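Summary of the model geometry
As a plain string of letters, each chain reads:
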Amino acid sequence: MPKHKSKSVLNLNLLKPQSNPEKLLSKLIHWLLSSGRYIFVLVEAVVLIAFGARFKLDADLQAKKEAIEEQIPYIESLKPYEIIIRETQFKLSTIDSVRKDSIDWPLVLKKIADQTPFGIKIISINIEKKVDLALIHITGQTQVTNDLASFITGLKGDSTFSNISLTSVGLEQNIVKFTIDTQVTNPGGKSS
């Protein structure tokens, strides 16, 4: 007997859709119902957290404002002390700047005394203060002219003094009377 073959044939055409394609709106609705609900819940959770945090931050801000307002009378009560402290600081800075900008007079007078020979008698020293320098007028007398020359040479040899000039010389009863003019500039003020 011949065998009977049963043929089951399945014809698939993969290029031709078997059903109607889904419309874009239905795909969107399907996505919103499946995955979109999680996103919606997450967004709502973030909104609720932000809403709750707003109340907490407002309460913190109000507490800080109250703490600041409580400190205002205390700070205002310290205002006279602040004024006194600022005035004191200003006075101290003024004193410091004057001290730095002034000439060290004890040093200048010591240098004049160091350069003065024993035979010279200084009658007077006049000081005229200007902005950055001081003019010094030295009036004296001596019996020996070599002492006067030695005195002027000593002053010229010292870097503290500049523009040294013998402005007047006179002879009275064997005594030489003289006047010397010199300048002293501020060499950086007093050292502290």
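In short, a report on the structure.

Definitions and cut-offs
Residues numbered from 1 in each chain as written. Predicted model: local features only at pLDDT ≥ 70, side-chain atom pairs only at ≥ 80, totals over all residues. Heavy atoms only, no water. Axes fitted to C-alpha atoms, helices over the stretch in contact; angles between N-to-C directions. Helix = DSSP H or I, 4+ residues; strand = E, 2+ residues; numbered from the N terminus. Parallel < 35°, antiparallel > 145°, perpendicular 65-115°, else oblique. Contact = heavy atoms within 4.5 Å. Nonpolar A, V, L, I, M, F, W, Y, C, P; charged D, E, K, R; others polar. Pairing = 2+ DSSP bridges. Expected span 1.5 Å × (residues − 1). Core = buried A, V, L, I, M, F, W, Y, C linked by side-chain atoms within 4.5 Å. Buried < 20%, exposed > 50% of the residue type's maximum accessible area, 1.4 Å probe, protein only.

1. Considering the packing of helix α1 (residues 24-77) against helix α2 (residues 79-101)
Where α1 contacts α2, the axes come no closer than 4 Å and their chain directions differ by 40°. The angle between α1 and α2 falls in the class oblique. Residues Ile-75, Glu-76 and Ser-77 of α1 lie in contact with α2, whose contacting residues are Lys-79, Pro-80 and Tyr-81. Across the contact of α1 with α2, the residue classes tally to three nonpolar, one polar and two charged.

2. With respect to the pairing of strand β1 (residues 120-129)
Strand direction decides the pairing type here: β1 and strand β2 (residues 133-142), joined by nine bridges, are antiparallel. Within β2, the residue paired with Lys-121 across the bridge is Gln-141.

3. Quick notes on helix α4 (residues 145-157)
Since the α-helix turns once every 3.6 residues, residues separated by three or four places project in the same direction. Here α4 spans 18 Å end to end across 13 residues, near enough to the 18 Å set by a 1.5 Å rise per residue. Buried residues in α4 make contact with α3 (105-115), β1, β2, β3 (161-172) and β4 (175-185).

4. Remarks on the nonpolar core
Membership of the largest hydrophobic core comes to 17 residues, with the highest contact counts inside it found for Phe-151, Phe-161 and Ile-180. In contact with Ile-180, other than residues within four places in its own chain, are Ile-136, His-137, Ile-138, Leu-148, Phe-151, Ile-152, Leu-155, Ile-164, Ser-165, Leu-166 and Thr-167.

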